[in-house]
Amino acid sequence: MGLVLFPGDGDNSSPDVSWPYSGFAAFRRRLAETEGFVLSEMRGFGGERPWSEVSTALEPLLDHPDAGGNDLSPDECASILVRLEAITDQWAREGDDQLLRQQIEDARQLAGVLRLCIEKDVPLAFL
């Protein structure tokens, strides 16, 4: 069982990115750490810290329920994409452990899906 993020264009042949729930959680934890905060301290993730106390273009992705929730708009995708690509480049320079390599690949796949959402002007859907 897992999570799939894909363009909400109705085209089943569109690229997607998928994770087991535990893998998506680890991916988001690393993104949050790169942005300078601990995800488990945030509301909705076991903590009490409000999202208004952090500033990141990744908030729509980080503060999204694994199951359900609204799709992300093309504008949100564009904002996320710019920051995600910068983080992916940073990660590629930082290290070479197996988990990090997998998360870099996941980030690149997600960037491709985000790019398609922007180009087609469709939302990013979560399933």
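Conventions and cut-offs
Residues numbered from 1 in each chain as written. Predicted model: local features only at pLDDT ≥ 70, side-chain atom pairs only at ≥ 80, totals over all residues. Heavy atoms only, no water. Phe/Tyr/Trp six-rings, centres within 6.5 Å; stacked < 30°, edge-to-face > 60°. Buried < 20%, exposed > 50% of the residue type's maximum accessible area, 1.4 Å probe, protein only. Lys NZ or Arg CZ within 6 Å of the ring centre and 35° of its normal. Pairing = 2+ DSSP bridges. Helix = DSSP H or I, 4+ residues; strand = E, 2+ residues; numbered from the N terminus. Expected span 1.5 Å × (residues − 1). pLDDT = per-residue confidence, 0-100. Polar contact = N/O pair within 3.5 Å; in protein donor to acceptor, adjacent residues only side chain to side chain. Contact = heavy atoms within 4.5 Å.

**A short note on the packing of aromatic side chains**
Here the structure, examined in full by the defined rule, presents five aromatic pairs. Relative to Trp-51, the ring of Phe-45 lies with its centre 6.3 Å away and its plane at 70 degrees, an arrangement referred to as edge-to-face. Assessed through its relative accessible area of 24%, Phe-45 is described here as partly exposed. Here the guanidinium or amino end of Arg-30 rests over the ring plane of Trp-91, the centre of that ring lying 6.0 Å away.

**Looking at the pairing of strand β1 (residues 2-7)**
Bridge count for β1 against strand β2 (residues 17-20) is four bridges, and the pairing is antiparallel. Residue pairing for β2: Gly-2 is matched across the bridge by Pro-20. Two strands pair when backbone bridges link them, and β1 and strand β3 (residues 124-126) are joined in this way by three bridges, in the antiparallel orientation. When the bridges of β3 are listed, Phe-6 appears paired with Ala-125.

**Concerning helix α1 (residues 21-34)**
With 14 residues, α1 should cover 20 Å at 1.5 Å per step; its first-to-last C-alpha distance of 20 Å lies within 8% of that length. Note on α1: the residue one or two positions beyond its end, Gly-36, has a positive phi of about 95 degrees.

**Regarding the confidence of the model for the protein**
Averaged over all residues, the pLDDT of the protein equals 94, while 99% of them reach at least 70. Ranking the elements of the protein by mean pLDDT puts β1 last with 94 and helix α2 (residues 59-62) first with 97.

**So, the side chain of Gln-103**
Structurally, Gln-103 can be placed in helix α4 (residues 98-120). For Gln-103, a relative accessible area of 3% puts it in the buried group. Within the structure, the side chain of Gln-103 is placed 3.4 Å from the backbone oxygen of Ala-26, a separation counted as a polar contact. Beyond its immediate chain neighbours, meaning those up to four positions away, Gln-103 contacts Ala-26, Phe-27, Arg-30 and Trp-91.

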